[in-house]
Structures are given as C-alpha cells and as structure tokens.
Amino acid sequence: MNTESSFSWEKPMLDTDGQIDHLLKKGISFHLMSESDARAYLEKHNNYFRLRSYRKNFDKHPAGINQGKYIGLDFAMLVDLSVIDMRLRYVLLTLVLDVEHFSKVLLLKTVTQTEEDGYQIVADYIQALDDTDKLLNTSRLSYLFHELDRSKNNPYCGGIINKYHGNYPIWAFVEVIPMGSYIHFFEFCSNRLDNRTLKDIVPLLKTVKDLRNAAAHSNCILYDMGTQDARYKSDYAMIQKLSSISKTTRTKKLGNERTRQITTLLYAHSLIVSSEGVHQRAAHDLQEIVERMNRNIHYYANNDLILTNFEFFQKVVDILFQ
C-alpha cells in the first residue's frame, strides 16, 4: 500500500469551509468572531494548521456528549493568541540579536584586558577543534570551514572572510562564524581565560540560540503552555533574581521549555546588554507585548493556564526591565 496516499486519505487537505466545519466539530465557537469573518481571516491572514496549534492551551470535555470537544474556546481566541505570538517573536528575535552583539563586545573586551594575542587565540581554537575531531571522530572543524567557505561571496561578510582567510583575528572571527560555532568559541575562551563571568554566560547563550532558531523560523511559541517539558534546569542566578515570584509559580512556569527559554533570554539581556539605550528600547517593546496580552484578557476569564502565563511574563518583565 502506498503510505503517502493512505496518509492523504486519512488527513485530507481541507478547504476553508471544511476547516470551519472541522473547528465546529471540535467545539470551537464563533461568537466573538463570526464564521464569515473567520473564513476571511483564514483566507487572507493566517493558515489553518498554524492557527489551530494554539488550541492546546484549552482543556477538553473529559466525558459526556461533548467529550473531546474544547471547553470555552472561540475562534477569536485563536486569532488573538496568534497575533500576540507574532509580535512576541519579533521582539524576542530583536532581543536575541542584542544579546549576541553585546556578548561579543564583552568577549572582546575581556580578551583585550589579558595578554592574549588576538590571532593566536583563534589559531589555538582551530587546532583544538582539529585535535578533538580526530580523537572523537567528530566534524566540528570541517563544518566551520564549510560555513566560512560558503560565505566567501556573501555581500555582508565575504570581504572579512577573504581578507583574513587562514589567519583570523578574534575581532573578525566572531563576526563571520555561525551562532553555534560562536558559542562554542565563547566557551573555549571562557575556559582558556578561566573567567567566571564568561563561564556563567555560556549556558545562557546556548538557551538563547534555541529560541533564536524558533523565532527566526517563525515557529509558534505560545502553544501548549501547560506542558512540563523543560530539558534543562533554569539558571540558578536567574532564579535568585526572580525570587519575588513564588517558588511554586517559578517551578511550574519554568518547567515549560518555551517559557524557560523566553525567561532566560530576558534575563540574559538584562545581564549582558551594557547599553542603557538598548535596554530601555527592549523594556518599551516588552511592555507593549504585555499591553497586547492584556487587551483581550477578558477572553480568558475561565482559562487559568493563559491568565497565569501572561501574568508570569508580566512579572518577569517588571523585575528585569524596571
């Protein structure tokens, strides 16, 4: 049997009317937004598969005639969460770029305050990669060279690569390597210099990178906010910074991987960004997100999951961006 054909039969692509009918069968109402307006929205502003992902923030009837249908979910709520999510992604991506930039500023400042040679530290890093790859049969160095070679004709960084190819100084190297390689190099420098400040930043950068990829690829963020799926423990210093939030709330909210990543980014931004102007711009943008979350907060009067997650986000913003 053709697996692809079988799957298409089981999960056929629905036209807009079919999408509306499917939502109705799942118990999603159209009181706050009419079916005709919802149909227009699906045709012009968003795709069905993406929009329906936010339904995971709502409970289903466990039994009875409505078993399996969503409780108190209106189409307008999906639209509202989608808009908030979009605006949040834009702001988070900007914050990620801030953290990336100012971590480089910090790294270069730290190195220049030592007796390190700016060229030698890169050469030693590359040699260490080569040694590790041979020992463990990995390919981090070949990946790095491949990425650099691929960017030689890049109109933005190709000039730097061609100028320093084969003998990079640290100030050029950090500007042309991919984010993953940069974090690995940052960690190498933190260990080489035995610098506690840099060492503490390394795990923050690794978390920020994961969120960077999600935001840059326009992945949904505010979905399934109740799942306890955090892959790593939260940064201890960050937990201490958020100590005014109850331990129960912190543990529960940061147990969600997406919430943990967002919170870590906000903490990293408050810790690493040294420009007051950039910090104030971030505070303004985040406050706008909080205001957008609260615009239709009455929609979720009976949804404790969404209410408490929006409240937690606001508290984190207030603490880290006063």
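Located above this text is the structure these notes cover.
Source: prediction; values computed, not measured. (Residues numbered from 1 in each chain as written. Predicted model: local features only at pLDDT ≥ 70, side-chain atom pairs only at ≥ 80, totals over all residues. Heavy atoms only, no water.)

1. Brief notes about the pattern of salt bridges
Now for step 1: For the structure shown, the criterion picks out 20 salt bridges.
Now for step 2: Between Asp 194 and Lys 199 there is a salt bridge whose closest N-O contact spans 2.7 Å.
Now for step 3: Across the salt bridge formed by Arg 258 and Asp 229, the nearest N and O atoms sit 3.3 Å from each other. With a gap of 29 residues between them, Arg 258 in helix 14 (residues 257-272) and Asp 229 in the loop between helix 11 (196-216) and helix 12 (236-241) connect regions that are remote in the sequence.
Now for step 4: Among the ionic contacts, a cluster of salt bridges with common partners joins Asp 210, Arg 231, Glu 257 and Arg 260. (Salt bridge = Lys/Arg side-chain N within 4 Å of Asp/Glu carboxyl O. Helix = DSSP H or I, 4+ residues; strand = E, 2+ residues; numbered from the N terminus.)

2. Focus: helix 3 (residues 35-44)
Now for step 1: Turning to helix 3, its buried residues are Ala 38, Tyr 41 and Leu 42. Viewed end-on, helix 3 has its buried residues packed into an arc of 95°, placing them on one side of the element. Across helix 3 from its buried face, at more than 90 degrees, point the exposed residues Glu 43 and Lys 44.
Now for step 2: Where the residues of helix 3 are buried, they touch helix 2 (16-25), helix 4 (48-52) and helix 5 (75-112). (Buried < 20%, exposed > 50% of the residue type's maximum accessible area, 1.4 Å probe, protein only. Arc of directions from axis to C-beta. Contact = heavy atoms within 4.5 Å.)

3. Focus on the packing of helix 15 (residues 276-295) against helix 16 (residues 304-320)
Now for step 1: Put simply, helix 15 and helix 16 touch, their axes get as near as 10 Å, and they point 160° apart. The angle between helix 15 and helix 16 places the two elements in the roughly antiparallel class. Crossing handedness for the pair helix 15 and helix 16: left-handed. Seen from helix 15, the contacting residues are His 279, Leu 286, Gln 287, Ile 289, Val 290, Met 293 and Asn 294; seen from helix 16, they are Phe 310, Phe 313, Gln 314, Val 317, Asp 318 and Leu 320.
Now for step 2: Its residues placed into classes, the contact of helix 15 with helix 16 shows eight nonpolar, four polar and one charged. (Axes fitted to C-alpha atoms, helices over the stretch in contact; angles between N-to-C directions. Parallel < 35°, antiparallel > 145°, perpendicular 65-115°, else oblique. Left-handed = near helix turned anticlockwise from the far one by under 90°. Nonpolar A, V, L, I, M, F, W, Y, C, P; charged D, E, K, R; others polar.)

4. Observations concerning the packing of aromatic side chains
Now for step 1: By the definition in use, this model includes twelve aromatic pairs.
Now for step 2: Aromatic side chains Phe 30 and Phe 75 sit 5.5 Å apart centroid to centroid with 20° between the ring planes, which places their arrangement in the stacked category. Separated by 45 residues along the polypeptide, Phe 30 in the loop between helix 2 and helix 3 and Phe 75 in helix 5 bring together distant segments of the chain. For the residue pair Phe 30 and Phe 75, the accessibility class agrees, reading buried in each case.
Now for step 3: Each member of the aromatic cluster is reached from another via a ring pair, and the members are Tyr 125, Tyr 168, Phe 173, Phe 185 and Phe 188.
Now for step 4: We note Lys 104 situated over the ring of Tyr 182; from NZ or CZ to the ring centre the distance is 5.4 Å.
Now for step 5: When the ring centre of Tyr 223 is taken as origin, the NZ or CZ atom of Arg 258, which lies over that ring, is 4.7 Å away. (Phe/Tyr/Trp six-rings, centres within 6.5 Å; stacked < 30°, edge-to-face > 60°. Lys NZ or Arg CZ within 6 Å of the ring centre and 35° of its normal.)

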